[in-house]
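# Fold and geometry: a report
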Amino acid sequence: MNKRHIHGHQKTKQHNNSRTRQLSTIKNINTNRGPLLICLSLSLILSTKAPQKQKSHVFTTVFAVMWVGSLVVTVNAQLLGATMSIFQSLCVLGYCVFPLTVSALVIAILRFTWFGTLWLDLVWLALGFVWATRVSSIFVGQFVKRERRLLALYPVFFFYLLLGWLILLF
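Residues numbered from 1 in each chain as written. Predicted model: local features only at pLDDT ≥ 70, side-chain atom pairs only at ≥ 80, totals over all residues. Heavy atoms only, no water.

### Let's talk about the overall build of the chain
Secondary structure summary: the chain contains seven helices and zero strands in total. Each helix (α) and strand (β) of the chain, taken in turn from the N terminus, gives the series α-α-α-α-α-α-α. In the chain, which comprises 170 residues, the proportion classed as buried is 37%. The long-range share in the chain, meaning contacts at least 24 apart out of those at least 6 apart in sequence, stands at 73%. Approximately 10600 Å² of the chain is accessible, and the part contributed by carbon and sulfur atoms is 68%. (Helix = DSSP H or I, 4+ residues; strand = E, 2+ residues; numbered from the N terminus. Buried < 20%, exposed > 50% of the residue type's maximum accessible area, 1.4 Å probe, protein only. Contact = heavy atoms within 4.5 Å. Areas by Shrake-Rupley, 256 points an atom, 1.4 Å probe, with all protein chains shown as cover.)

### Here's the deal with the packing of aromatic side chains
The full count for this structure, using the stated rule, is eight aromatic pairs. Through pairs of rings, three or more aromatic residues link up here, namely Phe129, Tyr154, Phe157 and Phe158. (Phe/Tyr/Trp six-rings, centres within 6.5 Å; stacked < 30°, edge-to-face > 60°.)

### Considerations on the pattern of salt bridges
In total, this model carries one salt bridge according to the counting rule given. For Asp121, the salt bridge goes to Arg111, with nearest N and O atoms at 3.4 Å. One end of the pair, Asp121, is in helix α6 (residues 118–143); the other, Arg111, is in the loop between α5 (98–110) and α6, with 10 residues separating them in the sequence. Residue classification places Asp121 among the buried positions, given a relative accessible area of 3%. With relative accessibility at 36%, the residue Arg111 sits in the partly exposed group. (Salt bridge = Lys/Arg side-chain N within 4 Å of Asp/Glu carboxyl O.)

If you want it as structure tokens, here you go:
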């Protein structure tokens, strides 16, 4: 073998090793505190914007949609052959909702200014939606075979679409 071929093989090995380290780092995330705080934050933000009689219903709905939606996405991915645990997926998908939580917070703050218009709300929400969907698609895509990725990402898209609708609604 020539030197160029050996050097290229070493680079491929290094890339595979770094990818393995990234996946093992994702697999070792054992904390549910972060996603819980993100979920609570989104629920609180949206419930404070709701009418007085609906505050507890909005909080409960957002909280339940977050966890049930993450569970549906996880079970779907596992049925498609994903190699991730339920708690690992719930945790990472919970972290992936952070951009939507930031969008909800910005929209809530801007409602008190003259920037609180619907088209600006849509822009902020679109940014959070694209960011959350992209991060989740990277995560889910790592654990599902290439030919089944679109089937695994389909519920992710609708999960974040539902959360986005809730953000606009309240």
